[in-house]
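Here's the letter readout for the chains.
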Amino acid sequence: MTVVQLPEELVALREAIRTFIQREIAPKEAQYAQEITETGTFASLQEEKRALRKRSAAEGYYSLFMPEEAGGGGVGYLGLVLCVEECMRHGLLLAMPGGVLPSVEGPTPILLDGTPEQQERYLQPTMRAEREACFALSEPDAGSDATRIRTRAERADGGWVINGRKHFITHGAEADYVILFAVTDPGKGARGGISCFLVDTDAPGFEVGRRQRTMYDEHQAELVFTDCRVGEDALLGKEGYGFYSAMRWINGGRVSIAAMAVGVAQHLYERMLEYAKVREAFGRRIGANQYVQGMVVDTLAELTQARLLVYDLAARLDAGADGRQEAAMAKYVATEMVGRVADRAIQVFGGNGYMTEMGVERWARFVRAMRLYEGTSEILKTNIARTLGLDEPTRAPAAAAGPAPTP
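Residues numbered from 1 in each chain as written. Predicted model: local features only at pLDDT ≥ 70, side-chain atom pairs only at ≥ 80, totals over all residues. Heavy atoms only, no water.

Peer 1: Looking at this model, I keep getting lost on the overall build of the protein. Mind explaining?
Peer 2: In terms of helices and strands, the protein carries twelve helices and ten strands. For the protein, whose C-alpha radius of gyration is 22 Å, the value lies close to the compact-globule estimate of 22 Å for 407 residues. Within the protein, buried positions represent 50% of all 407 residues. Intrachain contacts of the protein at a sequence separation of at least 6 include 74% that bridge at least 24 residues. Summed over its atoms, the accessible surface of the protein is roughly 18800 Å², and 50% of this surface lies on carbon and sulfur atoms. The average position of the 46 basic charges and that of the 55 acidic charges among the side chains of the protein differ by 4 Å. (Helix = DSSP H or I, 4+ residues; strand = E, 2+ residues; numbered from the N terminus. Rg over C-alpha atoms; globule rule 2.2 N^0.38 Å. Buried < 20%, exposed > 50% of the residue type's maximum accessible area, 1.4 Å probe, protein only. Contact = heavy atoms within 4.5 Å. Areas by Shrake-Rupley, 256 points an atom, 1.4 Å probe, with all protein chains shown as cover. Lys, Arg positive; Asp, Glu negative; His and termini not counted. Charge placed at Lys NZ, Arg CZ, Asp CG, Glu CD.)

Dropping the structure here:
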């Protein structure tokens with residue numbers, strides 16, 4: 001593995017984001033300290049994050065990872081890792097995804113497939129944090145194997161009629177529009193039969209279904225399309241190539257999650273170390289106990305290893321690697337690591353770590369989902385094995401297929 005030399009401009013960018021967090025976020029979140037201590041969150045979190053997104057967009061952080069020609073910062077994978085890690089290591093709710101930096105509600109390269117009119121209507125206001133999206137691919141019968149989606153879009157009266165149900169949709173109840181994937185040619189499946197649509201949430205036939213509660217504090221939603229009518233201009237990109245559009249940008253999502261894992265692990269490591277130095281039991285500080293020392297040192301070792309790996313893999317992506325192995329490896333290693341770190345943190349804090357008021361148990365709940373979305377750990381290991389020439393199926397699944405045919 002090569003040792004990544006961080007470019008000065010990326011180090012400066014990371015410092016600028018740190019300053020922004022210390023200036024804009026830490027004082028604001030301190031106002032809700034008592035409520036966070038008692039409940040683990042605060043009631044106006046989403047409202048505050050919306051306001052924060054606008055401030056971040058005004059300073060250029062919210063669109064950092066979009067191309068310069070689209071009005072973004074043009075920051076690559078390594079810069080993404082440094083910025084995301086910086087946001088997460090502070091342990092602040094407002095600095096999490098969807099605050100300083102975008103999550104599913106924010107600008108995504110998928111929107112670059114849009115016409116100039118679509119980009120004016122959706123992409124540009126999203127980059128300014130004036131409109132918010134959600135990404136609707138998963139369905140009750142199509143999770144890891146997203147090629148099995150059943151939501152159907154059919155041509156009718158110069159537009160499209162959409163029927164189906166999506167679930168586990170993050171920000172689904174709050175979004176202004178949906179980036180929707182639906183079957184347009186059942187005979188072709190994911191190889192030319194799935195298209196992407198931009199559906200405004202005030203479109204006739206669209207409704208938010210039941211809220212789906214998770215073990216963490218933010219919840220997903222079902223989205224229901226019942227004879228939902230949209231115009232011809234709702235189609236994003238070429239008909240039948242929506243699934244390829246989604247897969248084309250999956251590397252960025254996986255690397256971002258890996259960076260989140262590294263940032264959370266850094267925060268928890270610092271909390272563990274500090275607590276071990278001040279907490280006393282049986283007449284001495286618990287940091288003198290070799291069992292506690294082992295958990296702290298194991299955390300430092302695993303965190304350091306994962307950070308070096310993620311930095312190196314991000315740099316390879318910037319250098320032109322196709323990402324099939326690199327992005328999968330980064331997410332797999334980092335998310336498995338942070339799960340172990342979160343468990344150790346609770347153990348070091350003991351009963352206090354299990355209590356909401358210490359702000360440790362929240363992170364154990366938060367990081368658990370990282371091993372599920374954007375590819376489960378098991379799917380990622382299978383994908384990595386294929387890059388090594390192992391486990392080659394007779395017919396490769398579309399999700400693991402090569403580039404789409406030229407439209």
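Peer 1: What should I look at first to understand the nonpolar core in this one?
Peer 2: Most often, soluble globular proteins have nonpolar side chains that are buried together. Val 100, Leu 101 and Phe 366 are the most contacted members of the largest nonpolar core, which has 72 residues in total. Residue assignment for this core shows that the elements contributing at least two residues are α1 (8–30), α3 (45–58), α4 (77–89), α7 (250–278), α8 (290–318), α9 (326–349) and α11 (361–368). The element that contributes the greatest number of residues to this core is α7, accounting for 14 residues. (Core = buried A, V, L, I, M, F, W, Y, C linked by side-chain atoms within 4.5 Å.)

Peer 1: Can you walk me through unusual backbone geometry in this structure?
Peer 2: Across the chain, the bulk of peptide bonds are trans and the bulk of non-glycine residues have phi less than zero. At Phe 168, a residue that is not glycine, the phi angle is positive and equals roughly 60°. Structurally, the position occupied by Phe 168 is in strand β3 (residues 159–170).

Peer 1: Got a minute to help me understand the environment of Glu 361 in this structure?
Peer 2: Counting through the fold element by element, Glu 361 comes out in helix α11. What makes Glu 361 buried here is its relative accessible area of 12%. In this structure the C-alpha to C-alpha distance between Glu 361 and Leu 92, which are 269 residues apart in sequence, comes to 14 Å. With residues up to four places along the chain from it excluded, the contact list for Glu 361 reads Ile 346, Gly 353, Tyr 354, Met 355 and Thr 356.

Peer 1: It is not clear to me how the state of the cysteines should be interpreted in this structure. Could you clarify?
Peer 2: Simply put, the disulfide is a covalent bond whose two ends are the sulfur atoms of two cysteines. Counted by the stated rule, this structure contains zero disulfides. Cys 83 provides the cysteine sulfur closest to Cys 87, a residue in no disulfide bond, and the two sulfurs are 7.2 Å apart. There is no disulfide at Cys 196, and the cysteine sulfur nearest it, in Cys 134, is 11 Å away. (Disulfide = S-S within 2.5 Å.)

Just distances and angles here, no functional claims.
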